[in-house]
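Single-letter residue listing:
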Amino acid sequence: IYVQAGAFSDRDNALRLETRIHGFGSPVSVMHGVGNNGASIYRVRLGPVTTVDAADALLNRVTSGGIAQARIVVD
């Protein structure tokens, strides 16, 4: 379970967000993948966390910190 703070086609934007949320109490990583259109996508995720309660608490910290688009993802 992860909290995804954002997803970007531009790696630099993902790295900026990674720096911004570094102190939210969970490891942060930028994961490279391929989107539905075949283009590169960079997902900024916190975690992993092991329980739904922990994911909910982390999501609350992230959204309270100004990242309104954050969401829980299971990978």
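Position numbers for residues start from 1 in each chain and track the written sequence from start to end. With the structure being a predicted model, the display of local features is reserved for residues of pLDDT at least 70 and the display and counting of side-chain atom pairs for 80 or more, all residues being used for whole-chain, interface and lining totals. Based on all heavy atoms of the structure, the side-chain values leave hydrogens and waters out of the count.

As for the sheet that holds strand β4 (residues 71-73)
And then number 1: With antiparallel pairing, four strands are arranged side by side in an open sheet as β2-β3-β1-β4. Looking at the sheet topology across the chains shown, the edges are occupied by β2 (28-34) and β4. Averaged over all pairs of adjacent strands, the angle between strand axes in this sheet comes to 45°, irrespective of strand direction.
And then number 2: We call two strands paired when DSSP finds no fewer than two bridges between them. For the purposes of this entry, the term helix denotes a DSSP run of H or I that reaches at least four residues, the term strand denotes a run of E that reaches at least two, and both are numbered from the N terminus. Pairing between β2 and strand β3 (residues 40-46): seven bridges, direction antiparallel. Opposite Gly 33, over in β3, you have Ile 41 as the bridge partner. Working convention: axes come from line fits to C-alpha atoms, limited for helices to the stretch in contact. Angles between N-to-C directions cover 0 to 180 degrees.

Quick word on the pairing of strand β1 (residues 2-8)
And then number 1: For β1, the tally of buried residues reaches five of seven residues, placing the bulk of the element in the interior.
And then number 2: In the sheet, β1 pairs with β3 via five bridges, with the strands oriented antiparallel. Of the residues in β3, the one forming a bridge with Val 3 is Leu 46. With a 1.4 Å probe rolled over the protein chains alone, any residue whose accessible area is under 20% of its type maximum counts as buried; one over 50% counts as exposed, and the rest are partly exposed.

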